[in-house]
Amino acid sequence: MMASRTGGRILVDQLITHGVQQLFCVPGESFLAVLDALHDAKIEVTVCRQEGGAAMMAEAQGKLTGRPGVCFVTRGPGATNAAAGVHIAHQDSTPLLLFVGQVARGALGREAFQELDYGAVFGTMAKWVVQVDDPSRLPELVSRAFHVATSGRPGPVVIALPEDMLTEAAEVADALPYAVAETYPGAAPLAELQLRLAAAQRPVVIVGGSRWSETAVQHFSAFAEAFALPVYCSFRRQMLFSADHPCYAGDLGLGANPRLLERIRQSDLILLVGGRLSEVPSQGYELLDIPSPKQALVHVHADADELGRLYRATQAIHATPQAFAHAVAALRPAAPPAWRAATAAAREEFLRWSDPAPIRIPGPLQMGEVMQHLREVLPADTIFCNGAGNFATWVHRFWPFRAFASQLAPTSGSMGYGLPAGVGAKRLWPQREVVVFAGDGDFLMHGQEFATAVQYGLPILVVLLDNAMYGTIRMHQERHYPGRVSATQLKNPDFRRYAEVFGGHGERVERTEEFAPALARARASGRPAILHCLLDPEAITPGSTLQGIRAAALSAG
Ligand SMILES: Cc1ncc(C[n+]2csc(CCOP(=O)(O)OP(=O)(O)O)c2C)c(N)n1
Ligand SMILES: [Mg+2]
C-alpha cells in the first residue's frame, strides 16, 4: 500500500529524487509544511537574509553545475524580492527553480494577504510559471519544472504552492529523476561547416550561452587548436575558453578591445556557438548587421527559437554546445589553416590588452599592480564573482579565466550579484577559492548576505572598490551632461569594521603596498573577509579619468 504524505513531504521527496542537495530560502509562514519536511531531509538548507540574495545564490549554483538551483521564498514580498534573481537566470539562460508560497486555495482571487498572480508577475521573466493546486500532481509538475528549466535554452521556472495544498495528504508515487535531452548536430551540417571553414580566409569563433561543461570546453579547445581558430568569449562568458590557450583572443564585453571588434568586423566567417550575441556583446547591436550579417554566420544554439531570432544565419545548427563540441572535437582541416598567423596576431593583441603591468591610474592605489598580484597568488580555478559597476572591468580585463565554472557574473548587469553568487559557490564547492569583486554601490545591494557567509563559515574574499559613488552612472553623466553631477555620490561606512561586526575579517587598503599583506591576512583568517580598497574617484576606468571625460564632452560641446 502506498504511504500517504503531505504535499510538503511529497515536494521535498521530489527534490531528492531529482538530485537536489542544497537549497536557499528565506522562510515564510506560507510554506511551513515544506520547512517541516526539510527538517529531516538530506538537503542542505541555506537560510538567507533577503530573497534577492537567496535567488542569486541558487542561480549561481545553476550556472556552475548546469543543474537547476533551488530557492524557496514566501508569497508577495518574498516573490518580488526574488525577482532580481529570476531575471538574471532568464538573461543568463540558467536553470533555476523558484518555489513560492501562495495563499490558501479558498482565498485565491480575493487579494488575500500577500497574494500575487505569479503567472502575471513572472510571465515574461520565467520560462514557465505554474501553480500546483493538487498535492497528487506534485511529482508530475515538479518533474516538468526540472525538464523545462534545463532543456533547450535553460531558464527560470516559478512554482506557486498554495499553503493548504502543502498540508493536504495524498497517495502518489515519486517521479523518476529528470533527464535533459541533448540535441546533436547531424553529419550533413558538420560536413557543410567543414566546407565553409575550408573556404574561409578570416574565420573567427565566438562562444557564449549555457549548456557547456568542463569536458565540452576541452573538446572545443581541441577543435579550435586543430583549425588554429581565434576564439572570443561573449560578455561574461570567459570561463568557456582558457585565457592561456594559444587560440584565445579576448572577450566581447563592455569596453571591449577595439582591435578585437575590428577583427570580427573584418572576418568572413563567424562561428557563434551557444551565444545569442545580444546587446552588450554585439556592442549595442552594431557589430553584425541585423537581420543579415555581412559575414557568413554559422550559429549553433540549443534552442531552435534562438536561431534566426536576431541574425539570419548562413548556416543554423540546432545543437547544444556540449553536443556540438563533442562532435567537432575530432574534426581536422583538410589543409593547413591559412589564418594561423592572424590568430597569433589576435592573441598578441589580447595579451597586450590584458596585461595589467603598464596600467597607471590616479591615486596611491594602483589597480594594475593589485591585479598583477592576484594573478600571481590566486589559483587558476579561483571563482570570480561580480555584479555591475566599472570596478568589474578590472576582473574582466585583467584576470585570466582558465577554468570552466570559474566565473559568476550576470550578463543582465544586475548590481549586488557578486556576494550572493560567492556564497552560492562556496557553499557548493568549499575547497574552491572564491573572490568577490564589488563596488561600494554594488556591495550594499546585497551586503546583508555577508551575515550568511559568516553563519555558514564560508571564507570568501570580497575586494570592495570604494570610489564613493555610483561610478558607472557618474561616467555616463560626465559624457552626456558634463559637470552636472546628480544622484551619484555615496557616503560609505567603514567596510573594514562592517566585516568585523558581522563576525568576518576586515582590512582597509589605501595604498598599493598595503594590498598584498592585507590579502594574505584575509586569506589566512579562515573567515569571510572584506578588503576595503579606497580608489581615487578620478580612476573611473583603467584608461580614463572623470576630468578627462568631462573635458572631452565639454569640448565636443
Ligand atoms: C540593480 C541595478 N540597479 C541599478 C543599476 C544601474 N547601475 C549600473 S552600474 C551602477 C553603479 C555601480 O556603482 P558601484 O558598485 O559603486 O561601482 P563603480 O561603477 O563605482 O565602480 C548603477 C547604479 C544596475 N545595473 N543594477
Ligand atoms: Mg563606486
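A. Examining the overall build of the protein chain more closely. Looking only at helices and strands, the protein chain has 21 helices and 20 strands in total. In terms of its C-alpha atoms, the protein chain occupies a principal-axis envelope of roughly 70 × 60 × 45 Å. Counting across all 557 residues of the protein chain, residues that qualify as buried make up 57%. Summarising the internal contacts of the protein chain: among those between residues at least 6 apart in sequence, 76% fall at separations of at least 24. In the form shown here, the protein chain has an accessible surface area of approximately 21,500 Å², with 52% of it arising from carbon and sulfur atoms. Between the mean site of the 48 positive side-chain charges and the mean site of the 53 negative ones, the protein chain shows a separation of 5 Å.

B. Quick peek at the coordination of the magnesium ion (ligand 2). The magnesium ion (ligand 2) binds to the protein through Asp440 (OD), Asn467 (OD1) and Met469 (O), with metal-donor distances spanning 2.0 to 2.2 Å. Read N to C, the donor residues that coordinate the magnesium ion (ligand 2) are spaced as D-x26-N-x1-M. The exposure class assigned to Asn467 is buried, which follows from its relative accessible area of 12%. Among the residues examined, Met469 registers a relative accessible area of 3% and is labelled buried.

C. A look at the site of ligand 1. For ligand 1, the set of nearby residues contains 17 residues, the closest of which are Gly413, Asp440, Asp442, Gly471 and Thr472. Contact distances for ligand 1 include 2.8 Å between a nitrogen atom and a backbone N or O atom of Gly413. For ligand 1, an oxygen atom lies 2.9 Å from a polar atom in the backbone of Gly441. Relative to its unbound accessible surface of 590 Å², ligand 1 loses 75% to contact with the protein.

D. Highlighting the sheet that holds strand 20 (residues 529–534). Spatial strand order, 16-15-17-18-20-19: six strands in an open sheet with parallel pairing. Each edge of the sheet is formed by a strand with only one pairing partner; in this case those strands are strand 16 (407–408) and strand 19 (505–509). One ladder, built from six bridges, connects strand 18 (residues 461–466) with strand 20; its direction is parallel. Paired with Leu464 across the strands is His532, a residue of strand 20. Its contacts with the sheet put helix 20 (residues 512–525) on strand 18, strand 19 and strand 20, and the angle it makes with strand 19 is roughly 175°.

E. Fine view of the pairing of strand 20. Across the six residues of strand 20, five count as buried, placing the element largely inside the fold. Taken together, strand 19, helix 20 and strand 20 constitute a β-α-β crossover, and its handedness is right-handed.

Conventions and cut-offs
- Residues numbered from 1 in each chain as written.
- Chains lettered and ligands numbered in written order.
- Predicted model: local features only at pLDDT ≥ 70, side-chain atom pairs only at ≥ 80, totals over all residues.
- Heavy atoms only, no water.
- Helix = DSSP H or I, 4+ residues; strand = E, 2+ residues; numbered from the N terminus.
- Buried < 20%, exposed > 50% of the residue type's maximum accessible area, 1.4 Å probe, protein only.
- Contact = heavy atoms within 4.5 Å.
- Areas by Shrake-Rupley, 256 points an atom, 1.4 Å probe, with all protein chains shown as cover.
- Lys, Arg positive; Asp, Glu negative; His and termini not counted.
- Charge placed at Lys NZ, Arg CZ, Asp CG, Glu CD.
- Donors = N, O, S within 2.8 Å, 3.2 Å for Na, K, Ca; no water.
- Near = heavy atom within 4 Å.
- Polar contact = N/O pair within 3.5 Å; in protein donor to acceptor, adjacent residues only side chain to side chain.
- Pairing = 2+ DSSP bridges.
- Axes fitted to C-alpha atoms, helices over the stretch in contact; angles between N-to-C directions.
- Right-handed = clockwise from strand over helix to strand, strands pointing away.

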